[in-house]
Amino acid sequence: MGNSDYRADAYGVVWADFLETWIAMAGSVPDPVMLDAITELSGDGRVLEMGIGTGYHAIPLAARGVRIEGIDGSSRMLEILADKPGGESIPLHLGDFATLDVDGEFALIFVGSSSLFCLPDQQTQVECFGAVARKLAPGGLFVVDAYIHDDRWFTDGEMHFTQARGDGWKMRWNAHNDRAAQVTDVERVLVAEGKPNRVFRHREKYCSPMELDLMAKLSGMRLTERWGGWDRGPYTGVGHAISLYTLDS
């Protein structure tokens, strides 16, 4: 299991042509509360989703009238999105989170599903915050959805469980955590009819909300709100954190 299997650019190659199948298998649907929040926060401004993928969130947001655009490092993901009903009208950008080589400014930039942690190291995450700050319009918001890492999930640095299952299949989740580096290598194995069918790998460089706040400060932004979920409940230090940043005046 070579380290190249976990590179960010490998993620899209492996997942792209299976993602829609996996969404259907798992019965996953976009969180309407999350869609409501993004719709409200964006107003009538221009919105950029970092890690747009195949449009899981973007297509329903566009249907609500949100002026959504997206950036992703996987050309195949963007091809699939553009071919889907409702996807053809969404402006798409092939590029890197750390540079955000996209013209113009945005009223809202958001990254969901802890995708920020797919950036390979802290320096790249800092660069990402800097790029976001340069692309935010005055009064704009950068919204980061990220899980709160807990070392108690792991035993001797390992975590193994069944993420989902259905008729004749299950998705096994195996992960190794490097506590010192704050890095988790994840291997998901689709088991069908009792045999491994496909393997999906990625690496997560996780960090705490306080580290996110420092990255924001270094980039000329400040925290305005932090929620414990998209329902805007209080942040408790466990589970998820939805962090909202704006340009420092």
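Preceding this paragraph is the structure being described.
Structure report, in brief. Since this is a predicted model, take the numbers as computed values, not measurements. (Residues numbered from 1 in each chain as written. Predicted model: local features only at pLDDT ≥ 70, side-chain atom pairs only at ≥ 80, totals over all residues. Heavy atoms only, no water.)

**Quick look at the pattern of salt bridges**
- Counted according to the given criterion, the structure contains twelve salt bridges.
- A salt bridge links Glu-69 to Arg-46; its shortest N-O distance comes to 2.5 Å. Highlighted residues: Glu-69 in strand β2 (residues 67-72) and Arg-46 in strand β1 (residues 46-50), separated in sequence by 23 residues. The exposure classification of Glu-69 matches that of Arg-46, with both residues buried.
- Note that Arg-222 is salt-bridged to Asp-248, the shortest N-O span being 3.5 Å. Pair noted here: Arg-222 is in strand β10 (residues 221-227) and Asp-248 is in the segment after β11 (240-247), with a separation of 26 residues, a long-range link.
- Residue classification places Arg-222 among the partly exposed residues on the basis of a relative accessible area of 37%. (Salt bridge = Lys/Arg side-chain N within 4 Å of Asp/Glu carboxyl O. Helix = DSSP H or I, 4+ residues; strand = E, 2+ residues; numbered from the N terminus. Buried < 20%, exposed > 50% of the residue type's maximum accessible area, 1.4 Å probe, protein only.)

**Notes on unusual backbone geometry**
- Phi angles above zero are rare outside glycine, and Ser-113 is one such case at about 55 degrees.
- As for its position among the elements, Ser-113 is in the loop between β4 (106-111) and α5 (122-135).
- The phi dihedral of Gln-182 is positive, around 55 degrees, even though this residue is not glycine.
- As for its placement among the helices and strands, Gln-182 is situated in the loop between β7 (169-178) and β8 (183-192).

**Side note on the nonpolar core**
- Grouped together as the largest cluster of nonpolar side chains are 29 residues, with contacts concentrated most on Met-50, Leu-116, Phe-129, Val-132, Phe-142, Val-144 and Met-221.
- Once residues within four sequence positions are removed from consideration, Val-132 is found in contact with Met-50, Leu-100, Ile-109, Phe-142 and Met-221.
- By size, the runner-up hydrophobic cluster in this structure holds 22 residues, among which are Ile-38, Ile-59, Ile-68 and Ile-242. (Core = buried A, V, L, I, M, F, W, Y, C linked by side-chain atoms within 4.5 Å. Contact = heavy atoms within 4.5 Å.)

**Some details on the sheet that holds β8**
- Strand order in this open sheet of four strands is β6-β7-β8-β9, and the pairing throughout is antiparallel. Unpaired on one side and paired on the other, β6 (158-166) and β9 (195-205) mark the two borders of the sheet. Across the sheet, the mean angle separating the axes of adjacent strands is 20 degrees when strand polarity is ignored.
- Pairing of β8 with β9 involves ten bridges; the strand directions are antiparallel. Counted as the bridge partner of Ala-192 is Lys-195 from β9. (Pairing = 2+ DSSP bridges. Axes fitted to C-alpha atoms, helices over the stretch in contact; angles between N-to-C directions.)

**Some words on the environment of Glu-49**
- Here Glu-49 lies in strand β1.
- Setting aside its immediate chain neighbours within four residues, Glu-49 contacts His-57, Ala-58, Ile-68, Glu-69, Gly-70, Ile-71 and Phe-110.

**Structural notes on the pairing of β1**
- β1 sits mainly inside the fold: five of its five residues count as buried.
- By the alternation rule, side chains of β1 split into Arg-46, Leu-48 and Met-50 and Val-47 and Glu-49, which are all buried.
- As judged from the five bridges shared by β1 and β2, these two strands associate in the parallel manner. Directly across from Val-47, in β2, lies its bridge partner Ile-68.
- As a crossover connection, the stretch from β1 through helix α3 (residues 58-63) into β2 is right-handed.
- The pairing of β1 with β4 spans four bridges and is parallel. By the bridge assignment, Met-50 is partnered in β4 with Val-111. (Right-handed = clockwise from strand over helix to strand, strands pointing away.)

**A short note on the packing of α5 against helix α6 (residues 209-218)**
- Closest axis-to-axis distance for the α5/α6 pair is 8 Å, and the angle between their directions is 55 degrees. Classified by the angle between their axes, α5 and α6 sit oblique to one another. Where α5 crosses over α6, the two elements pack in a sense that is right-handed. Each of Gln-122, Gln-125, Val-126 and Phe-129 in α5 lies in contact with α6, whose residues at this interface are Glu-211, Leu-212, Met-215 and Ala-216. (Parallel < 35°, antiparallel > 145°, perpendicular 65-115°, else oblique. Left-handed = near helix turned anticlockwise from the far one by under 90°.)

As far as function goes, none of this settles anything; it's purely spatial.
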